[in-house]
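A look at the structure
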There are 2 protein chains.
Amino acid sequence: MNERKIPMQLIGLFDSPYVRRVAVSMRLQGFGFEHVALSVFRNQDEMRKLNPLVKVPMLVLDNGEKLIESSFILDYLDDIASAGKRLVPASGEERRRVLQQCAIALIGTEKAVQILYDTKLRPAEKTHAPWVERCKQQMHDAFGLMETQPASPVLSGAPITQADITSTVALAFAKYVHPAEFPAGCYPRLEQLSAFCEGLPAFIETPME
Amino acid sequence: MNERKIPMQLIGLFDSPYVRRVAVSMRLQGFGFEHVALSVFRNQDEMRKLNPLVKVPMLVLDNGEKLIESSFILDYLDDIASAGKRLVPASGEERRRVLQQCAIALIGTEKAVQILYDTKLRPAEKTHAPWVERCKQQMHDAFGLMETQPASPVLSGAPITQADITSTVALAFAKYVHPAEFPAGCYPRLEQLSAFCEGLPAFIETPME
């Protein structure tokens, strides 16, 4: 039997960037998991039975413990990962740098989600244009800041980090939900990182759609 | 001179629960900071000059580096804190437990913010009642889950943790912005924790209003 002793369950669809970054990370770290592909909107009742807070991702451990919030789930996975498999360095300047790049990518992601929620999850007449505009500016401010960061060491052969994963997942999601805001070539350095990462098996096996 | 060598700047108002939990943590850990009390709404232009992403809290280090996202700022502070001053254990089961309690409190906080944004930051006719109801349910689900956790060890004399701080800040904020949702006695165990923590100097010196 090659099955892992610890069949963790990952609840949530990969069209959530928060679920996708956890799934990609687990594949890169070699953690097996069962994917429970329920939607927080379309499968709300079924979801609520497993996941009373209706928040994804949720990671169910083999002891039944239910972990929420992707950054804390990733922190746990790094804590139990085998040597050399951490995606965020354990401490110091490198940790701060990786987490701050994640922070910026997560703001880009959050703003993309907020725009989507305001424009798609309510009747058109309930959309508030000034709020959407504010979020669009903050979204592009975040992607613009990601674009000005030094090129990721992963492009020169260094191990992949959570900053690479979260930035790549953020761009894929934002392009998918707001294609008009992200014409090809608008964030060229980030697109280069993204093309590299999306070519890795862990990303290919975790398609967003 | 008693001034610290590292005059960190904390940007944002304490009416943001995310800013307040960082400020309380810094006081408990003995980090001096200069408080830059600007609002992301009322002082938007001034804020943008210091803080291009207009996200609070932002912690400006003495080298000019600007850190964002309260959970990552707190992670950094724990990383540089003196021995015994960590607010989240460094690893293992205790770390997971504290971070998961934070995660639940942060969902309660996030939902309280989303309700506020939908009902106050846009014209009344743009409020979408089904969305507000969904958020209210999730908010109470989170507070209800916090209420069912074992009583915090801090009430029996153990050192305070980030779970205590974040839960207390979450309740204070939610009660302040949605008083009708939180009549006295509705979450008695959480209120007991809150009364204890709000009586500590670090909380008293960081008033929400």
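Everything quoted here is computed from the prediction, not taken from an experiment. Sequence order as written defines residue numbering, which begins from 1 separately in each chain. Written order decides the labels, with chains lettered from A and ligands numbered from 1. pLDDT decides what is reported in this predicted model: residues at 70 or higher carry local features, side-chain atom pairs at 80 or more are listed and counted, and totals for whole chains, interfaces and linings draw on all residues regardless. Values shown for side chains rest on all heavy atoms present in the structure; no hydrogens or waters enter the calculation.

Trans peptide bonds make up most of the peptide bonds, and negative phi angles are found at most residues other than glycine. Following Val56(A), the chain continues to Pro57(A) via a peptide bond in cis, the omega torsion being -5°. Mapped onto the secondary structure, Pro57(A) falls in the loop between helix 2 (44-50) and strand 3 (58-60). A positive phi is found at Val54(A), a non-glycine position, where the angle reads about 50°. Looking at the element boundaries, Val54(A) is found in the loop between helix 2 and strand 3. Phi angles above zero are rare outside glycine, and Glu69(B) is one such case at about 75°. Helix and strand labels come from DSSP, where a helix needs a run of H or I of at least four residues and a strand needs a run of E of at least two; each type is numbered from the N terminus. As for its placement among the helices and strands, Glu69(B) is situated in the loop between strand 4 (66-68) and helix 3 (70-80).

Our next topic: the relation of the copies chain B and chain A. The operation relating chain B to chain A is a screw motion whose rotation component is 180°, with 0.0 Å of axial translation and a residual RMSD of 0.0 Å. Both copies of the chain, as the preceding transformation shows, are related through a two-fold rotation axis. When each C-alpha of chain B is compared by its distance to the rotation axis, Lys126(B) comes out closest, at 2.2 Å. Most of the interface of chain B is mirrored in chain A, where 100% of its interface residues again form contacts. Least-squares superposition of the copies uses the C-alpha atoms of those residues scoring a pLDDT of at least 70 in each of them. Contact criterion: two residues are considered in contact whenever any of their non-hydrogen atoms come within 4.5 Å of each other.

Right, let's talk about the sheet that holds strand 2 (residues 33-36) of chain A for a bit. Residues and elements named next belong to chain A. With mixed pairing, 4 strands are arranged side by side in an open sheet as 2-1-3-4. Each edge of the open sheet is held by one strand with a lone partner, namely strand 2 and strand 4 (66-68). Taken pair by pair, the neighbouring strands of this sheet meet at an average axis angle of 25°, ignoring direction. Two strands are counted as paired when DSSP detects at least two bridges linking them. Of the strand pairs in this sheet, strand 1 (residues 8-11) and strand 3 are connected by 3 bridges, and their pairing is antiparallel. Note that in strand 3 the partner of Gln9 across the bridge is Val60. Together, strand 1, strand 2 and strand 3 form the strand contacts of helix 1 (residues 17-29), whose direction differs from that of strand 1 by roughly 150°. Between N-to-C directions, angles span 0 to 180 degrees; the directions come from axes that are lines fitted to C-alpha atoms, helices contributing only their stretch in contact.

Residue and element names in this part refer to chain A. Residue ranges assigned to each domain were obtained from an automatic or database domain assignment. Domain assignment breaks chain A into domain 1 (8-80) and domain 2 (92-200). Between the C-alpha centres of domain 1 and domain 2 the distance comes to 21 Å. Together domain 1 and domain 2 conceal approximately 1100 Å² of surface at their shared face, both sides included; 67% is due to carbon and sulfur atoms. Think of a salt bridge as a Lys or Arg side-chain nitrogen and an Asp or Glu carboxyl oxygen that are within 4 Å of each other. Remark: the boundary between domain 1 and domain 2 carries 2 salt bridges. Residue Asp75 pairs with Arg95 through a salt bridge whose shortest N-O separation is 3.5 Å. Elements supplying a minimum of two residues to the side of domain 1 that touches domain 2: helix 1 and helix 3 (70-80). Looking at the side of domain 1 that touches domain 2, the element that brings in the most residues is helix 1, giving 7 residues. Residue polarity follows a fixed list, in which Ala, Val, Leu, Ile, Met, Phe, Trp, Tyr, Cys and Pro are nonpolar, Asp, Glu, Lys and Arg are charged, and the others, Gly among them, are polar. Of the residues assigned to the side of domain 1 that touches domain 2, the class counts are 6 nonpolar, 2 polar and 4 charged. Note on terms: buried area is the combined drop in 1.4 Å-probe accessible area of two parts once they are placed together, counting the loss on both.

We now examine the interface of chain B and chain A. Facing the 48 residues of chain B at the interface are 48 residues of chain A. For the pairing of chain B and chain A, the buried interface totals around 4000 Å² over both sides, and the portion due to carbon and sulfur atoms is 54%. It is Leu53(B), Phe72(B) and Arg96(B) that lose the most area in chain B upon contact with chain A, and together they represent 17% of the buried surface on that side. Where chain B touches chain A, the interface holds 10 salt bridges. Residue Glu65(A) is joined to Arg96(B) by a salt bridge in which the shortest nitrogen-to-oxygen separation is 2.8 Å. Polar contact is defined as a pair of N or O atoms within 3.5 Å, subject to the rule that within protein one atom must be able to donate a hydrogen and the other to accept it, and that residues adjacent in sequence are counted only when both atoms are side-chain atoms. Viewed at the interface, chain A and chain B are joined by 28 residue pairs in polar contact (both at pLDDT 80 or more).

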